[in-house]
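Single-letter residue listing:
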Amino acid sequence: MTTDRLLVIGAVAYDPKVVPIWESMRDYFRDAGVPIDYVLFSNYEAQVDALFARSIDLAWNTNVAYVKSEQRSGGMCQVLGMRNTDVGFTTRIVGRGERLGGLGELKGKRLALGSADSAQAAILPLQWLRQAGLEPGGDVELLRFDLDVGKHGDTGTSELEVLRALHEGYADYGAVGDPTWIRELEAGHVNSSLVKSLWTSPPYCHCNFTALPDFDPAWAARWSNALLAMSYNDPKWRRLMDLEGLTAWVPGRKAGYEELTFALSLT
Amino acid sequence: MGDFDLVGITPAATVQATGMDTGPVLLMIRNAVAGIGEGDVLEVTGGDDGLADDIGGWCRLNGCEVVASLDGGVDRTWLLRKGPTAPAWEQPDWGISLPRRDGRRIDLRDWFEGRAGDVPDVAPTYYGFVPRGAVAEPGMPAYPFTLNTKADVWADNIAGLYEQAKSQQWNASEDIPWDRLEPLPEPVERAVCQIMTFLAENEYAALYIPAKFLPRINARFVEPVLFLATIINDEARHIEVFTKRALANGGGLQYSAAMTEWSLQSLLLQEDYFKSSFLLHVLGEGTFLDLLAFIEHHAPDPVTAEIVRRARLDEGRHVAYGIAHVRQQLRHDPTRVEELVASAEERSAVLQATTGVNPPVLEALTILGGGGSSPEQRRRGGGAVRDLHRSMDDYRIRRMLQVGLDLPTAQKISQLHTPNFM
Ligand SMILES: [Fe+2]
Ligand SMILES: [Fe+2]
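Residues numbered from 1 in each chain as written. Chains lettered and ligands numbered in written order. Predicted model: local features only at pLDDT ≥ 70, side-chain atom pairs only at ≥ 80, totals over all residues. Heavy atoms only, no water.

## Quick look at the packing of helix α5 (residues 157–168) of chain A against helix α6 (residues 178–186) of chain A
Residues and elements named next belong to chain A. Running from N to C, α5 and α6 point in directions that differ by 60°, and their axes come no closer than 10 Å. By the angle between their directions, the pair α5 and α6 is classed as oblique. Where α5 crosses over α6, the two elements pack in a sense that is right-handed. Every residue of α6 that contacts α5 at Glu159, Leu160 and Leu163 is listed here: Thr180, Trp181 and Glu184. Of the residues that constitute the contact of α5 with α6, the class distribution is 3 nonpolar, 1 polar and 2 charged. (Axes fitted to C-alpha atoms, helices over the stretch in contact; angles between N-to-C directions. Helix = DSSP H or I, 4+ residues; strand = E, 2+ residues; numbered from the N terminus. Parallel < 35°, antiparallel > 145°, perpendicular 65-115°, else oblique. Left-handed = near helix turned anticlockwise from the far one by under 90°. Contact = heavy atoms within 4.5 Å. Nonpolar A, V, L, I, M, F, W, Y, C, P; charged D, E, K, R; others polar.)

## Some thoughts on helix α7 (residues 222–248) of chain B
Its 27 residues give α7 of chain B an end-to-end C-alpha distance of 39 Å, which sits within 8% of 39 Å, the value for a rise of 1.5 Å per residue. In the stretch just after α7 of chain B, glycine 250 of chain B is the one whose phi turns positive, near 90°. (Expected span 1.5 Å × (residues − 1).)

## Some points on the side chain of arginine 83 of chain A
Residues and elements named next belong to chain A. On the secondary structure map, arginine 83 appears in strand β5 (residues 82–83). Assessed through its relative accessible area of 11%, arginine 83 is described here as buried. Discounting residues that sit within four places of it in the chain, arginine 83 has contacts with Trp60, His206, Cys207, Glu244, Gly245, Leu246, Ala248, Trp249 and Val250. (Buried < 20%, exposed > 50% of the residue type's maximum accessible area, 1.4 Å probe, protein only.)

## Description of the interface of chain A and chain B
Opposite the 22 residues of chain A that make contact, chain B presents 20 residues. In this assembly, chain A and chain B are joined by 4 salt bridges. A salt bridge links arginine 30 of chain B to glutamate 186 of chain A; the nearest nitrogen and oxygen atoms lie 2.2 Å apart. Counting only elements with at least two residues in the side of chain A that touches chain B, the list comes to α6 and β10 (196–200) of chain A. Broken down by element, the side of chain A that touches chain B gets its largest block of residues, 6 residues, from α6 of chain A. (Salt bridge = Lys/Arg side-chain N within 4 Å of Asp/Glu carboxyl O.)

## Here we look at the coordination of the iron ion (ligand 1)
Residues and elements named next belong to chain B. Within the protein, Glu203 (OE), Glu203 (OE), Glu235 (OE), His238 (ND1) and Glu315 (OE) serve as the donor atoms for the iron ion (ligand 1), at 1.8 to 2.7 Å. Within one chain, the residues donating to the iron ion (ligand 1) are spaced in sequence as E-x31-E-x2-H-x76-E. Between the iron ion (ligand 1) and the iron ion (ligand 2), the interatomic distance is 3.3 Å, and glutamate 235 donates to each metal, bridging them. Highlighted residues: glutamate 203 in helix α6 (residues 186–213) and glutamate 235 in helix α7, separated in sequence by 32 residues. Neither glutamate 203 nor glutamate 235 differs from the other in exposure class; each is buried. (Donors = N, O, S within 2.8 Å, 3.2 Å for Na, K, Ca; no water.)

## Some details on the coordination of the iron ion (ligand 2)
Residue and element names in this part refer to chain B. Taken together, the protein donors to the iron ion (ligand 2) comprise Glu235 (OE), Glu285 (OE), Glu315 (OE) and His318 (ND1), at separations of 1.9 to 2.2 Å. Around the iron ion (ligand 2) sit 4 donor atoms, and with donor-metal-donor angles ranging over 93 to 156° the site reads as irregular. If you list the donors of the iron ion (ligand 2) from N- to C-terminus, the spacing comes out as E-x49-E-x29-E-x2-H. Relative accessible area serves as the criterion here: at 0%, histidine 318 is assigned to the buried category. (Tetrahedral: all angles 85-135°; square planar, octahedral: opposite > 155°, others 65-115°.)

## Re the domain arrangement of chain A
All names here are of chain A. Annotation of chain A at the domain level lists domain 1 (7–86 + 205–261) and domain 2 (91–200). The gap between the C-alpha centroids of domain 1 and domain 2 is 27 Å. With 14 residues of domain 1 at the interface, the matching set in domain 2 holds 12 residues. Interface area, domain 1 with domain 2, both sides summed: about 1,100 Å², of which 58% is carbon and sulfur. In this structure, the connection of domain 1 to domain 2 is made through 0 salt bridges. Of all elements in the fold, only α2 (44–52), α3 (63–73) and α9 (258–265) reach the threshold of two or more residues within the side of domain 1 that touches domain 2. (Domains from an automatic or database assignment. Buried area = accessible area lost by both parts, 1.4 Å probe.)

## Some words on the confidence of the model for chain B
On average, residues of chain B score 93 in pLDDT, and 98% of them are at 70 or above. In the predicted assembly, ipTM is 0.86 and pTM is 0.78. (pLDDT = per-residue confidence, 0-100.)

## Re the sheet that holds strand β1 (residues 7–12) of chain A
Residue and element names in this part refer to chain A. Read from one edge to the other, the open sheet built from 5 strands follows the order β2-β1-β3-β11-β4, with strand pairing classed as mixed. Edge positions in the sheet fall to β2 (36–41) and β4 (78–79), since each has one partner strand and no second. The sheet contact formed by strand β3 (residues 58–61) and strand β11 (residues 208–211) spans 4 bridges and is antiparallel. Within β11, the position partnered with alanine 59 by the bridge is threonine 210. (Pairing = 2+ DSSP bridges.)

Structure (structure tokens):
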């Protein structure tokens, strides 16, 4: 395999800030001696198709897009890196009232969910409801905010709608990812004497850089090592890392996607 | 205290969360973590079960680690270890108390205390408008400052000049005895109006040039920025007062010569602050000191005399800054003398293409110097103007010697100086 061309990475343009993030990534990898270019997609389904069509080398995937790639490759994709904040990701069930012993207590209540293709705010919460023996929509009334479908919940707007529904009282509980929850809490946007985190899911993994099974392992290793060397304490890259929501890149891992894989296998 | 012994850790700081909502507690945790060192431990006490999850989430997203969670019954305690990528801030000053002069004044010359008083030799652009001495969060954007070294802008007397500038401010509407203006013989009023037109025109350049450079100065060097702001205000007042005098006594604004505009434009187009400071403050405004003294001496009325007397005091500060600034830079890098010579030569070359004279101003100065327009008065006035040119040349050279130039260089540059005075 040749490395005399640029390594091409796909990313989804879920927000205008994606452009400065990737311009900065391009600068970083040029400095690091593993030059890249990037291609932006409007949705993750198109990005995964492009990965399999080999028009991109790597896909900066959500967990949902990654699991779908694994389904298509027979579980043989390579994971070349992820954010430190992609590890130990949790979903919070937030609402008014007492802490929940388990999701069985949601029976007969109204639950607000984010975008249907968001793992943290819809797919996994629905899976855990079923595990708790509840029929979503039957035992639990669902209030769904299907905003920005195709972006897999990246925009966070549907999670903000969930929090709004809780504040305004037209849902009893809501599901949000912990980055949104913590950020909104700290920013003072949550009335935390009223709306609290009542249940925390088991940890799982979120985004990663996905490559096809036969992507040149030497090139992959060079690129991964360069990625892992990016330092939050270097003022040149700090803004990029702040925008992307991480303080360190960590090696890719394939563990942490089991529940999502199971949930997506049912659909 | 027993809790710490349990895990063998001494916290560097503590956040007391009893009875508080989670949102504000997370904010307190962020600020407390920012103030402790990497690897240090923060103790959070008094939270409830809900806070437990949120502290864990916050640590995951902010490069910290929960190293212990202790259940003390009603209240819980957590120990958080700060990781290398957690929010890190330097420590600000506390306990600063500036001295008072005469038991009451706080003078700019006395404010160089603690971090605020630490004027760097070279300033990074990413401090932007962070007041010098304040603690900047990492990750700030760079500003388009281009004057980023102390040598670029500093002058030893800068704080004192700023204090002087404030105490010598005046109001062109109130502080000039406009009620004492009487009608003058027409040729004399015309001469005054012509001179006021010329002065006002030059004052525009004196305002626009520092205003152009001010936003290029790194805000770490705030004293020169503050002082330039006073220059800008002084020049605004000069434009105002000279224009008012031309319009006040039955005359009006008179002629402007192309040579003046060529001269001022060549000054305005100078993009190098060192050269600009030399050409404007040392040579231009320096020469104006002598011009204003001449006008005051020969003023036909007390109002004109008072106007130029006050303007001259202001100009004295501008010249003092220019001399100290250029001297400081030459001390820092003596080879820059060549740039001064070159800048004077370049400007002289531009002005070669002009007539090199300003007939209306020359005649007006002659009439003023002679006290009227009769042949005898013009003869006397002509002599006074020749003396003025000689003293301008003489003082220009002296100012350049003060700056640190040698005599031959000073003489050469003085010869090249614009016939427009500024
Ligand atoms: Fe002036
Ligand atoms: Fe001036």
